[in-house]
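The chain contents come next:
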Amino acid sequence: MAASVPGPVPFDAVILAGGEARRLGGADKPGLTVGGRSLVEHVVAAVSGAGKTVVVGPERPIPGVLFAREDPPRSGPVPALAAGLDEVTAPWVVLLAGDLPFMTAAHVTALLDAAARTPAAGAQAPRGVVMVDDGGREQWLAGAWPAAPLKAALAAYPGRSLKGLLGPLAAVRLALPGRPWFDCDTMDDLEEARMNVLNEWTVLVCKELGIDPARVDRDLILGLTKEVAHGVARPAAPLTAYLLGLAQGAGTAPDDAVAKLITLAKNWGQATAETLTDS
């Protein structure tokens, strides 16, 4: 018997964004940025179709979001989920971590579509869908759950493990394209997420400009702009990249243009003394 969830699945979202981020040195992990938006804003955007979006964690200036706190704060994911569920009124709830930079609305829709097709266990209520990573491991902070059974299970659950709570409710383990399950637990994870955004941006810009991305030595340009930002001034970095592009387009840039500019940036103090002060 299929779960009786008609058409687009009505849902609320609970986003857990109040952990201690020990592996990030206690940083405000959900507030760290990838692609110009904080991690938690990426996740909020992914659940834009929710009736309510509840972020469990410190309040932030994010429009249209309800905030809640577990009691006591930072006491773990199960108390945090309980605090978020207090605000949930829709029949389904999408539960997500607050540090998933690659999660999109399409991934959330796929979770809910799978939930709508999930058979009930006999005469019992519908059961949930949990996302799995590329190794087939369940990601308990990326799933869709029937709200009433989840609330009932939580009320009777004495433990502190999300797996222990959600495991018995999971009917489907869903693999999705991309890496929507990828979270940013370490600085290396954060850097990987930022570089992924940079890759996507490079491809899009090249498409707009009619440039073959294979011709763009991104790391070389990043190295140049880093040297200019540190050695000269931050605004000089994008200006230098633009001027280099103009010179290459005009055919006037030497083959070793980047190397020459890096040397110039490293010797900026000497260069200004010898050239910019000349009358």
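Right above here is the structure, for reference.
So, here's what we can say about the structure. Along each chain, numbering runs from 1 in the same order as the chain's sequence is written. Only residues with pLDDT of 70 or above have their local features reported here, since the model is predicted, and side-chain atom pairs are shown and tallied only from 80 upward, although totals for entire chains, interfaces and linings are computed over all residues. Values reported for side chains reflect all heavy atoms of the structure, with hydrogen atoms and water molecules removed beforehand.

1. Details of a nonpolar patch on the surface
So, step 1. Side chains of Leu239, Tyr242, Leu243 and Leu246 sit close together on the surface and give an oily, nonpolar patch of about 420 Å² of accessible area.
So, step 2. Turning to its location among the elements, leucine 246 is positioned in helix H8 (residues 236-250).
So, step 3. Its relative accessible area of 45% is what places leucine 246 among the partly exposed residues. Surface patches are drawn from residues lacking salt bridges whose relative accessible area is over 30%; two like charges belong together within 9 Å, two nonpolar side chains (Val, Leu, Ile, Met, Phe, Trp, Tyr) within 5 Å. Surface accessibility follows the Shrake-Rupley procedure with a 1.4 Å probe radius. Residue values consider only the protein chains on display as shielding. Whenever Lys or Arg places a side-chain nitrogen within 4 Å of a carboxyl oxygen from Asp or Glu, that contact is recorded as a salt bridge. Each helix corresponds to a stretch of at least 4 residues labelled H or I by DSSP, and each strand to a stretch of at least 2 residues labelled E; elements are numbered beginning at the N terminus. Each residue is placed in one exposure class: buried if its accessible area under a 1.4 Å probe, protein chains only, is under 20% of its type's maximum, exposed if it is over 50%, and partly exposed if it falls in between.

2. Focus: the sheet that holds strand E8 (residues 138-146)
So, step 1. Taken in spatial order, the seven strands make up an open sheet running E5-E4-E1-E6-E8-E7-E9, and their pairing is mixed. At either end of the open sheet lies a strand with only one pairing partner, and these are strand E5 (66-68) and strand E9 (170-174). Ignoring which end each strand starts from, the neighbouring axes of this sheet average 25° apart.
So, step 2. Contacts between residues were defined by any pair of non-hydrogen atoms, one from each residue, lying within 4.5 Å. An axis is simply a line fitted to the C-alpha atoms; with a helix, the fit covers only the stretch in contact. Between two such axes, the angle follows the N-to-C directions and lies from 0 to 180 degrees. The sheet contacts of helix H2 (residues 77-85) involve strand E1 (11-16), strand E4 (53-56), E5 and strand E6 (92-97), and relative to E1 the element is tilted by about 145°. Think of it this way: DSSP has to see at least two bridges between two strands before they count as a pair.

3. So, the packing of aromatic side chains
So, step 1. The rule is short: rings of Phe, Tyr and Trp, with Trp giving its six-membered ring, pair when the centres are within 6.5 Å, and they are stacked under 30 degrees, edge-to-face over 60, tilted in between. One pass over the full model with this rule turns up two aromatic pairs.
So, step 2. With a centroid separation of 5.3 Å and 25° between ring planes, the pair formed by phenylalanine 102 and phenylalanine 182 is classed as stacked. Here the residue phenylalanine 102 occupies a position in the loop between E6 and helix H3 (105-116), and phenylalanine 182 occupies one in the loop between E9 and helix H6 (187-209), the gap between them amounting to 80 residues.
So, step 3. Residue classification places phenylalanine 102 among the buried positions, given a relative accessible area of 12%.
So, step 4. The class of phenylalanine 182 is buried, set by a relative accessible area of 7%.
So, step 5. Between tryptophan 140 and tryptophan 145, the ring centres sit 6.4 Å apart and the planes meet at 25°, which makes this aromatic pair stacked.
So, step 6. For tryptophan 145, a relative accessible area of 0% puts it in the buried group.

4. Regarding unusual backbone geometry
So, step 1. Residue proline 72 is reached from aspartate 71 by a cis peptide bond, and omega for that bond is -5°.
So, step 2. Checked against the element boundaries, proline 72 lands in the loop between E5 and H2.

5. Re the pairing of E4
So, step 1. Every second residue of E4 is oriented toward a common face, with Thr53 and Val55 on one face and Val54 and Val56 on the other, all of them buried.
So, step 2. As paired elements, E1 and E4 share four bridges and run parallel to each other. In the sheet register, valine 14 faces E4, and the bridge partner there is valine 54.
So, step 3. When E4 meets E5, the two strands line up parallel, connected through three bridges. Pairing of valine 56 across the sheet is with alanine 68, part of E5.

6. Observations regarding the pattern of salt bridges
So, step 1. Taken as a whole and judged by the stated rule, the model has seven salt bridges.
So, step 2. Notably, a salt bridge pairs lysine 29 with aspartate 185, separated by 3.0 Å at the nearest N-O pair. Residue lysine 29 is located in the loop between E1 and strand E2 (33-34), and its partner aspartate 185 is located in the loop between E9 and H6; the two are separated by 156 residues in the primary sequence.
So, step 3. The class for lysine 29 is buried, based on a relative accessible area of 16%.
So, step 4. Here arginine 179 and glutamate 192 are joined by a salt bridge, their closest N and O atoms 2.7 Å apart. Within this pair, whereas arginine 179 is found in the loop between E9 and H6, its partner glutamate 192 is found in helix H6, the two being separated by 13 residues in sequence.
So, step 5. The class of glutamate 192 is partly exposed, set by a relative accessible area of 34%.
So, step 6. Sharing partners across several salt bridges, the network here consists of Lys29, Asp99 and Asp185.

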